[in-house]
There are 2 protein chains.
Amino acid sequence: MSFDDVTRLAQQRGFFFKSADSYPNSPAGFWDYGPLGVALRNNYLRLWRHMIVKRDRMLEIDGSQIMPKAVFEASGHLSGFTDPFVKCGKCGSVFRPDKRIEDKTGKQVPEKLKDSEYDELMAKAGVKCLKCGAPLSGTGRFNMMFRVGIGPAQEEAYLRPETCQSIFVDIPLIFKTQRVKLPLGVAQVGRSFRNEIAPRQGLLRLRELNQAEIEVFFDPAAAEAPRFASLQSDELNFLRPDGSASTSKVSQAVAEGLVPSALAGYYLALLVRFYSAAGLPGERLRFRVLSEEDRAFYSKAAYDLEVNLSVGWLELVACNYRGDYDLSRHSAASGTDFTFDDAGRKVLPHVFELSMGIDRSVYAIIEASLRSEGERRVLGLRPYLAPVTAGVFPLVNKDGLQEAAGELFASLQEGSDVFYDESGSIGRRYARADEAGVPCCITVDYDTLKDGTVTLRNRDDRSQERVLSSALAERLSSLTRLPRSR
Amino acid sequence: MSFDDVTRLAQQRGFFFKSADSYPNSPAGFWDYGPLGVALRNNYLRLWRHMIVKRDRMLEIDGSQIMPKAVFEASGHLSGFTDPFVKCGKCGSVFRPDKRIEDKTGKQVPEKLKDSEYDELMAKAGVKCLKCGAPLSGTGRFNMMFRVGIGPAQEEAYLRPETCQSIFVDIPLIFKTQRVKLPLGVAQVGRSFRNEIAPRQGLLRLRELNQAEIEVFFDPAAAEAPRFASLQSDELNFLRPDGSASTSKVSQAVAEGLVPSALAGYYLALLVRFYSAAGLPGERLRFRVLSEEDRAFYSKAAYDLEVNLSVGWLELVACNYRGDYDLSRHSAASGTDFTFDDAGRKVLPHVFELSMGIDRSVYAIIEASLRSEGERRVLGLRPYLAPVTAGVFPLVNKDGLQEAAGELFASLQEGSDVFYDESGSIGRRYARADEAGVPCCITVDYDTLKDGTVTLRNRDDRSQERVLSSALAERLSSLTRLPRSR
């Protein structure tokens, strides 16, 4: 199914809503999670915590989104977090020159061109204003951070463009108050803000986005992963800077230097295990190895974990070996000691980062899980990710079946996420449940009143079986049990 | 223990950090959750979802924090969400006149005075600038919303000052896409922003705050609660506008009109049950009934749920009967139909709101759970709220006890939140665990190697028992089971 089909279904079922959609001309790049979306996202994050954060005894924090100017001076965002833009000299409409050139020529524009290079390419391609048709020229720079003013003095501050700055800035307090050793993972789920010039890709390009970031702090003299052996034989797909694709065992990728350390290789492999458990199997995933030109200037190695979808390869996680850039910059700017005391030896840790886009990941899981079977649309989510685990239906609304189904529903509700539905034919109720990704449906019928059994119908193969209703609580609970994390 | 003592311990143990604290002069009113704080807050929200949201089959959404100007024109925040402020004519320092008058006179200043009335009171009390000593006058208004500009055109938008606006604005899409009936609860956990003029109360007065809000939409012709009977005999404490205190059964408070409907009474009682389960028992709680002058102009009835702490009575939840104010305003401003179709009958629902401060609630739970016993400090959190359920310790670090404890730790980690600690005496490890609120500690000793039993030590009464290590997983799991929600 296409991006538009998936987006439409996700809106119809209430996974996502456009923000402030009841108002005309609400700004692009803002989306709300509807009821099914919140549940899917929360289950997704539960899996992430289980398979990565808790597995490796990482610490999780949650920092403020508004941070003072000094933080972003040090991080480099104040000077460098910009996108090129061009304003029509005639009507004032604003565009991204790279996007307009790509639309016109059908060819990808390299990243990080100079402003004058964009102007040359626009002139060559004859790029014109989409609104009034005037030729476009005069590329400038737009800082993508949202500025806010604190208090009546309007003290300069910004909404963070990436959650990780909270982790970096808090690390001295973490070292001081927590009893930790290196390597240490610090995780955070939270919102970031990027004032995109003209976002056009719906859910995939947001001005307000949800990230789950992990910063692994390690001693550069010992970039080992304690549990490397447990996944060193996992196979990973790589797309190299020269355009060639390969599949390598993690140990091999580390040995040949494609990945800079066992620690980095360990986390790349763990990510693939996590996404596989979330319903995006390894064969749909690849690591795009960024060339030196494509990497941020402080980055020593970078890998974009991408998934193959209807829109092409979509980046889900930016994996970045940031060296000591962040800690040394914040240390210098703040005058605070950011080193870790390793039994008397001062270590300024290096950082390997896993920066995950939650909204894109949720979208990718929905698209990858959705299939059409004739008229039937089935959202085949893993049961532990499904917003609702089971529907409880009375076969007909008479003869005490409603009451019996209502009682069963109430008893299951205490321990499981279930819903009750008594409207329409059983077939229509099944179809609605299939579209919402509900793994099983429980129907209370006349036999239930006699022998206490119900029909348990499976979403994926439409098989049905008779089950004692007293066994359902345990059945649903085992269905939603998370996979083992080791 | 005093507010300062509790705040200090919470920082030392990593429940909270001041935001950007490594930088000098970081702005007040911003706090980060540290590792123990994130876990406690997440467990708190799990309990809230269990006892209120899921119990009543509410829907949960998660909306954007940045919303367009039109939303706040309609909500009234653009014109009315202001605090009085006064700027020193000599040195430019800014103050809240009400706070300065209260500091000077020791008496509370009524809310909602006119600017000229503040000036009169300041003159009478001889209020002077705290910085340069000049007399203060010329009260003005400061809008407490943070403004942001979207895109290169800097389209006017704001960070929402209360999460509920997302719910109101999304309600037409919820009615359209979800199969619901009235009364319908819609819940949301998220961040709100209030640009306080000079916040001074640490964790209790934040510029960036976490809220858990519930808006119950109901047909004003039927303000009933389907499950009212289940808690109509619960007793609630009230502080009336005339200053008198009373304790009433919910049914009685509804009958005498102190609470406007069974629906409202039901939710007030449910809140008290929830907080009791969270460790703030009913006798520490009261509902302050707001007088007509103290209520927002659109409010038909309002109750602040307050808890008695070292700082006095602290508001945790604002309960507000908002009538149809929000939906009719947004409907008129957006041109969208906000009515609910009740089998062909158009109903513009009324709203009863439970607006909960998460950060204050977490603070209150920490303070209420903390006790000193001589040198010993114990954080007696309910086990299902505790950030960590158990510590696993080897008695000594030799003779294979470390290995045995490590294996036990790894086996428990898959299903529980446990930590491993082998440093210092057992007594010191117990003491650290007590301060972090860990309900029990498991010690592996020489007998463990012989008969597979461990010592299970209970935080609250310091009792110890021998338990088979094979029984621990189930023991920890039942310890953290949530209380029944009905």
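Residues numbered from 1 in each chain as written. Chains lettered and ligands numbered in written order. Predicted model: local features only at pLDDT ≥ 70, side-chain atom pairs only at ≥ 80, totals over all residues. Heavy atoms only, no water.

**Regarding the sheet that holds strand β5 (residues 82-87) of chain A**
Residue and element names in this part refer to chain A. Which entries qualify depends on this criterion: For two strands to pair, DSSP has to find at least two bridges joining them. Elements are defined by DSSP. Helices are runs of H or I of four residues or more, strands are runs of E of two residues or more, and each kind is numbered from the N terminus. Residue contacts are counted whenever heavy atoms from the two residues lie within 4.5 Å of one another. Between N-to-C directions, angles cover 0 to 180 degrees, with each direction set by a line fitted to C-alpha atoms, over the stretch in contact for helices.
Taken in spatial order, the three strands make up an open sheet running β6-β5-β7, and their pairing is antiparallel. Each edge of the sheet is formed by a strand with only one pairing partner; in this case those strands are β6 (94-95) and β7 (140-143). Sheet strands touched by helix α5 (residues 97-105): β5 and β6. Its angle to β5, the strand with the most contacts, is close to 65 degrees.

**Brief notes about the interface of chain B and chain A**
The following threshold applies: As a working definition, buried area equals the accessible area (1.4 Å probe) given up by two parts on being put together, with both sides summed. Salt bridge, as used here: a side-chain nitrogen of Lys or Arg that lies within 4 Å of a carboxyl oxygen of Asp or Glu. We call two N or O atoms a polar contact when they sit within 3.5 Å, provided that within protein one can donate a hydrogen and the other can accept it, with sequence-adjacent residues counted only if both atoms are side-chain atoms. All amino acids are sorted into three groups, where Ala, Val, Leu, Ile, Met, Phe, Trp, Tyr, Cys and Pro are nonpolar, Asp, Glu, Lys and Arg are charged, and the leftover types, Gly among them, are polar.
Across the boundary between the two partners, chain B contributes 87 residues, which contact 88 residues of chain A. Buried surface at the junction of chain B and chain A, summed over both partners, amounts to about 6,600 Å²; 53% is from carbon and sulfur atoms. For the chain B face of the interface with chain A, the top three residues by lost area are Y23, D62 and E414 of chain B, together amounting to 12%. Across the chain B-chain A interface, the total number found is eight salt bridges. Of the charged contacts, one joins K54 of chain B and D417 of chain A as a salt bridge, the two residues approaching to 3.0 Å between their closest N and O atoms. Taken together, chain B and chain A are joined by 42 residue pairs in polar contact (both at pLDDT 80 or more). Across the side of chain B that touches chain A, the residue classes break down as 37 nonpolar, 25 polar and 25 charged.

**Concerning the relation of the copies chain B and chain A**
Worth spelling out the cut-off: Copies are brought into register by a least-squares superposition over C-alpha atoms of residues with pLDDT of at least 70 in both.
Least-squares fitting of chain B to chain A yields an RMSD of 0.1 Å, with the transformation described by 0.0 Å of translation along the axis and a rotation of 180 degrees. Within this description, the copies of the chain are treated as partners about a two-fold rotation axis. Minimal C-alpha separation from the rotation axis in chain B is found for V148 of chain B, amounting to 3.0 Å. Take the interface residues of chain B: 100% of them recur as interface residues in chain A, which is what a same-surface contact looks like.

**What about the environment of Q252 of chain B?**
Tracing the backbone shows Q252 of chain B in helix α8 (residues 250-255). Considering only alpha carbons, one finds Q252 of chain B and Q232 of chain B, 20 residues apart in sequence, at a separation of 8.5 Å.

**A word on a nonpolar patch on the surface**
Spelled out, the test is: Patches here are clusters of residues that have more than 30% relative accessible area and form no salt bridge, with a 9 Å joining cutoff for like charges and a 5 Å cutoff for nonpolar side chains (Val, Leu, Ile, Met, Phe, Trp, Tyr). All accessible-area figures derive from a Shrake-Rupley calculation using a 1.4 Å probe, and residue coverage is judged against the displayed protein chains alone.
Together, L395, Y446 and L449 of chain A give the surface a local cluster of nonpolar side chains, amounting to about 250 Å² of exposed area. Considering the arrangement of structural elements, one finds L395 of chain A in the loop between β22 (390-394) and α12 (401-413).

**Concerning helix α7 (residues 164-177) of chain A**
Because the α-helix completes a turn every 3.6 residues, residues three or four places apart line up on one side. Residues and elements named next belong to chain A. Rules: For a helix, the expected span equals 1.5 Å multiplied by the residue count minus one. Two axes enter the bend calculation: one fitted to the seven residues ending at the residue in question, the other to the seven starting there, and the bend is the angle between them. Relative accessibility decides the category of a residue: with a 1.4 Å probe and only protein chains considered, values under 20% of the type maximum give buried, values over 50% give exposed, and everything between is partly exposed.
The end-to-end C-alpha separation of α7 is 19 Å, in line with the 20 Å expected for 14 residues at 1.5 Å each. Considering bend angle alone, the principal kink of α7 is centred on D170 and spans about 50 degrees; proline P172 follows within four residues of it. Across the 14 residues of α7, 13 count as buried, placing the element largely inside the fold.

**Considering the pairing of strand β25 (residues 453-458) of chain A**
All names here are of chain A. Burial of β25 is extensive: five of the six residues sit out of reach of the surface. The sheet contact formed by strand β24 (residues 440-444) and β25 spans four bridges and is antiparallel. Bridge pairing in β25 places C441 opposite R457. Bridging between β25 and strand β26 (residues 464-468) involves five bridges; their strand directions are antiparallel. Along β26, the bridge assignment pairs T453 with L468. Hairpin connection between β25 and β26: a loop of five residues separates the two successive antiparallel strands, and R462 in this loop has a positive phi of roughly 60 degrees.

**Considerations on unusual backbone geometry**
A cis geometry characterises the amide bond from L182 of chain A onward to P183 of chain A, with omega recorded as -5 degrees. Note on placement: P183 of chain A falls in the loop between α7 and β10 (184-193). The phi angle at A343 of chain A is positive, at roughly 50 degrees, despite the residue not being glycine. Within the chain, A20 of chain B stands out as a residue other than glycine whose phi angle is a positive 50 degrees. Assignment of secondary structure puts A20 of chain B in the loop between β1 (16-18) and β2 (31-33). In this structure A20 of chain B comes out as buried when scored by relative accessible area, which is 3%.

**Describing the domain arrangement of chain A**
All names here are of chain A. Here is the rule: Note that domain bounds follow an automatic or database assignment of domains.
Each assigned domain of chain A is listed with its residue range as follows: domain 1 (3-78 + 159-370), domain 2 (82-143) and domain 3 (388-479). Summarising the inter-unit geometry, the C-alpha centres of domain 1 and domain 2 are found 30 Å apart. If you look at the interface, domain 1 gives 10 residues, while domain 2 gives 11 residues. By the criterion of area lost to domain 2, the three top residues of domain 1 are N195, I197 and R200, representing 58% of everything that side buries. Connecting domain 1 to domain 2 are one salt bridge. Across the pair D103 and R200 runs a salt bridge whose closest N-O atoms are separated by 3.2 Å. In this assembly, domain 1 and domain 2 are joined by five residue pairs in polar contact (both at pLDDT 80 or more).

**Let's talk about the sheet that holds β25 of chain A**
All names here are of chain A. The mixed open sheet is built from five strands, whose spatial order is β23-β22-β24-β25-β26. A strand with exactly one partner marks an edge of an open sheet, and here the two such strands are β23 (418-420) and β26. Along the sheet, successive strands turn relative to each other by an average axial angle of 30 degrees, direction set aside. Where β22 and β23 come together, three bridges link them in parallel fashion. Paired with A390 across the bridge in β23 is V418.

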